[in-house]
Each structure stands twice: as structure tokens, then as C-alpha cells.
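Observations on the model geometry
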Amino acid sequence: MSDKLVETFSLSKKYKDVWALNNVSISIEKGKIYGLLGPNGADKTTLIKILTGLIRNYHGKIEVNGKEIGPEARKIISYLPDHEYIADDWTLDYTLEYYGDFFEDFDKEKAIRLLNQLSVPFHKKFKTLSKGTKEKIQLILCLSRKAELYVFDEPIAGV
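Cut-off values and rules
Residues numbered from 1 in each chain as written. Predicted model: local features only at pLDDT ≥ 70, side-chain atom pairs only at ≥ 80, totals over all residues. Heavy atoms only, no water. Helix = DSSP H or I, 4+ residues; strand = E, 2+ residues; numbered from the N terminus. Buried < 20%, exposed > 50% of the residue type's maximum accessible area, 1.4 Å probe, protein only. Core = buried A, V, L, I, M, F, W, Y, C linked by side-chain atoms within 4.5 Å. Contact = heavy atoms within 4.5 Å. Polar contact = N/O pair within 3.5 Å; in protein donor to acceptor, adjacent residues only side chain to side chain.

What follows concerns the overall build of the protein chain. When its secondary structure is counted, the protein chain shows five helices and seven strands. For the protein chain, the sequential pattern of α-helices and β-strands runs β-β-β-α-β-β-α-β-α-α-α-β. The dimensions of the protein chain, computed from C-alpha atoms along their principal axes, are 45 × 40 × 25 Å. The buried share among the 159 residues of the protein chain stands at 37%.

Have a look at this one:
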């Protein structure tokens, strides 16, 4: 079994006439924490979206735990995007139920414990919460999955 969690091979992505990624090869080991650093517009989010399967039209190859990006690889990835994704009219109670139904590896008890530690209200609608509280909730939801790979795109910009 390989000690590589993520590997890309000659990964390239072009938008019209502009290369976002050009021949990128990386290798990420299991059990390590990595940061993807670069200036605005360096296409870090493009790489993340390819890794998480949100962008499918690219050249090259990417594997997560030895699997090409697809349903099996996505099962082991917990992704926190750089924008709000919980519906405005949802409450945290409803969101926890939704996550429990949608993700087999979601640890609801862990999420509740972390949310209680931060005194996050469970019955208020998402639209009534501050930006920082919304981001804390989304981060906790992501971390409460028992994934093999956690991918965060600007996780605490408003916290």
C-alpha cells in the first residue's frame, strides 16, 4: 500500500487561452498537513476543485489514495469551500440531520460537542448568524467527517 494520499501527474487546466495549471505534478503523503500558498489568482482554488471532483475537464491524472477522482475517491474527501453553502433558511439542527443522512462518515456527536464548546445556537436560521459563526459551523461540519483527506479553501477568512 502506498504512503501517498494525493498524486497528480502532469495536471493542466486551460480557460480559453489562459493556462490556469500547466503540467503540475505533486505528491502528498498520508498523515501530513500541507498548505497551498500563492497570490490571488494563482489558481489554488482550481487545483482544489479538480482534486474534489468539481472540475472534470482537465488534462493529466490525479489520484486520491490510489483511486482516480470519482465517487469512490470523493467518499474519503471532506471539502470546505471558500463560500457559504448552507441554505439561509436551514437551522443547525436541520443541517446536522442532513449531514448525517448525506455522509456515512459524519460524526454527529463530535459536531454537537464542538458546536456546544463554541456556544453556537442550534435553532436559529443560518441567515441570522454572523459571517464568523457561519464559517465556524461549516468548518466544524467538515472536521466532523471521518475522512482521509480534508481540503479547506480559505477556511477561516471571516473568523
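The biggest cluster of nonpolar side chains holds 18 residues, and the ones touching the most others in it are V6, L51, V64, L149 and V151. Contacts of L149, omitting those with residues within four sequence positions, involve L5, V6, L51, V64, I76, I77 and S78. Within the second largest apolar cluster, 14 residues are counted, among which are I86, Y99, I137 and L141.

Below, the discussion takes up unusual backbone geometry. It is generally the case that most residues other than glycine have a negative phi and that most peptide bonds are trans. At S10, a position not held by glycine, the phi torsion is positive, near 50°. Along the chain, S10 turns up in strand β1 (residues 4-15). The residue D43 is not glycine, and still its phi comes out positive at about 70°. Looking at the secondary structure, you find D43 in the loop between β3 (27-29) and α1 (44-51).

Further remarks concern the side chain of S144. Looking at the secondary structure, you find S144 in the loop between α5 (131-143) and β7 (149-152). In this structure the side chain of S144 is engaged in a polar contact, spanning 2.8 Å, whose partner is the backbone oxygen of I140.

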